[in-house]
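Structural overview
So the chains spell out like this:
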Amino acid sequence: MFVKQENFEQNVRANKVVLQELSTFLTGHIQSRSSILPSWDFRFMTMVAQWLVEQGGYTMNPEGNNPGNVVGTGDIGFFTRPYNTEFVKGKRVPRPDVKFAKYSSMDYATNKKFEILADRWPLAYQAILAGSPSAVYVNGLFPGHGKDYATAARVDYVNGVTFRLKRTVAHYILACEDDMKEVDENASRIGNAPPAPGESLDYRNDAGMNKNSRSMLEGLLAELKKLQERVKTGQAIQV
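Residues numbered from 1 in each chain as written. Predicted model: local features only at pLDDT ≥ 70, side-chain atom pairs only at ≥ 80, totals over all residues. Heavy atoms only, no water.

1. Concerning the nonpolar core
As a reminder, the rule being used: Only buried residues count toward a nonpolar core, which is a set of Ala, Val, Leu, Ile, Met, Phe, Trp, Tyr and Cys residues joined through side-chain atoms within 4.5 Å. Burial classes: relative accessible area under 20% of the type maximum marks a residue as buried, over 50% as exposed, and values in between as partly exposed (1.4 Å probe, protein chains only). Runs of H or I in DSSP of at least four residues are treated as helices and runs of E of at least two as strands, each being numbered from the N terminus.
Core analysis: the largest hydrophobic core is formed by 58 residues, its most contacted members being Met45, Tyr58, Tyr137, Leu141, Tyr157 and Leu224. Those elements that place two or more of their residues in this core are helix H1 (12-31), helix H2 (44-55), helix H3 (106-120), helix H4 (122-130), helix H5 (134-140), helix H6 (154-187) and helix H7 (207-232). By residue number, the principal contributor to this core is H6, which donates 11 residues.

Spelled out as C-alpha cells, the structure:
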C-alpha cells in the first residue's frame, strides 16, 4: 500500500491502515533498543517523516525494502533508478548510477538502518531513542566533512522533515478520530444478546469492551493534540 501524504484525507478509513502498520513496526524497533515508555510512544513519527522525504508517501513496501534510500549494498544486492537526481554544489543533477541498497525484508532493512545510524550518525540515533525534536535528529544526520546523510542542504532537509512531520501528526489525529467513529458505529449495533458460543469478545460485540476502547482512544487523541502543539513549536516529540 502506498499513499501520498497529500492524498491521505481522500479516504482516511482505508488509508489509516498504513499508518497503523508504520507505527507498530517502527515502535517495535525503537523499543527493542531502549526502554518502553509508560505513556503513548510517538518517537516513531520523526522517522516516518524522514521516510516521507525519501519515498514521497506512506508505505511499508518501498523499492528494495529501503525506505530511507540508504546508498550501498544490502543483503540481496542493490538497485538503481534511471530518474534519480542529487544535489551537487547546490544544483539538482541526474545521477542514475547511484546504487541503493536492496534488502530482503523491511525488518532486516530497518535493523540495518538503526545499526548504521548508531555507527555513522550517533547523535541522530540518540535523538530518535530520546524522542528529541525532529530538528535535532536531522541535524545529527549532517556532521559535515563528506559524512552527511543526504546531498540536499541541511536546512532544506530539516525543513522538509518538519513539514512532513506536521502533516503526519495531523493524519494520525484524523485516523484516531475515525477509529472513534468506528467504535461508536459498533456500539450502536451491539444488542443485549450475548455473543455466539466461541465468538471472541471485542469492541464490536461487547458493550463494556466497546466503552473501554472509546476511553482509550479519547486518551490517545488528547495526547496526539498535545504532540501537535509541541511539533508546531519545535519541541520534543516525547515528554
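2. A few points about the pattern of salt bridges
Oppositely charged side chains can form a pair if their charged atoms are brought close together. Quick reminder of the rule: The salt bridge criterion pairs a side-chain nitrogen of Lys or Arg with a carboxyl oxygen of Asp or Glu, the two atoms within 4 Å.
With the rule as written, the count across this model stands at 14 salt bridges. Lys16 is paired through a salt bridge with Glu182; the nearest N and O atoms lie 2.6 Å apart. Here Glu182 lies in helix H6 and Lys16 lies in helix H1, a separation of 166 residues in the sequence. Among the residues examined, Lys16 registers a relative accessible area of 4% and is labelled buried. With its nearest N and O atoms 2.7 Å apart, the salt bridge here joins Arg43 to Asp41. Like Arg43, the residue Asp41 is buried in the burial classification.

3. Regarding H2
As a reminder of what qualifies: Here a helix's expected span is defined as the number of its residues, less one, multiplied by 1.5 Å.
For H2, built from 12 residues, the straight-helix expectation of 16 Å at 1.5 Å per residue is met to within 8% by its first-to-last C-alpha distance of 16 Å. In terms of residue burial, H2 counts as a mostly covered element, since 10 of its 12 residues are buried. Within two residues after H2, Gly56 carries a phi angle of roughly 85°, on the positive side.

4. Some details on the layout of surface pockets
Our working rule: As defined here, a cavity is a set of points on a 1 Å grid over the protein atoms alone where a 1.4 Å probe fits but cannot get out. A pocket is an open set with protein on both sides within 12 Å along at least five of seven lines, and residues line them when an atom is within 4 Å of a point. Grid points are joined across faces, edges and corners, and a volume is the space filled by probe spheres set on the points. Following the grouping adopted for this structure description, the nonpolar residues are Ala, Val, Leu, Ile, Met, Phe, Trp, Tyr, Cys and Pro, the charged ones are Asp, Glu, Lys and Arg, and the polar ones are all others, Gly among them.
By volume, the largest pocket is sized at about 890 Å³. Sorting the residues of the lining of the largest pocket by element identifies H2, strand E4 (85-88), H3 and H6 as the ones contributing at least two each. Its residues assigned to classes, the lining of the largest pocket comprises 12 nonpolar, 8 polar and 10 charged. Taken as a whole, the second largest pocket encloses approximately 360 Å³ of empty space. Lining the second largest pocket are 19 residues, and of these Ser23, Trp40, Phe44, Tyr172 and Leu220 lie nearest its centre. For the lining of the second largest pocket, the secondary-structure elements that each account for two or more residues are H1, H2, H6 and H7.

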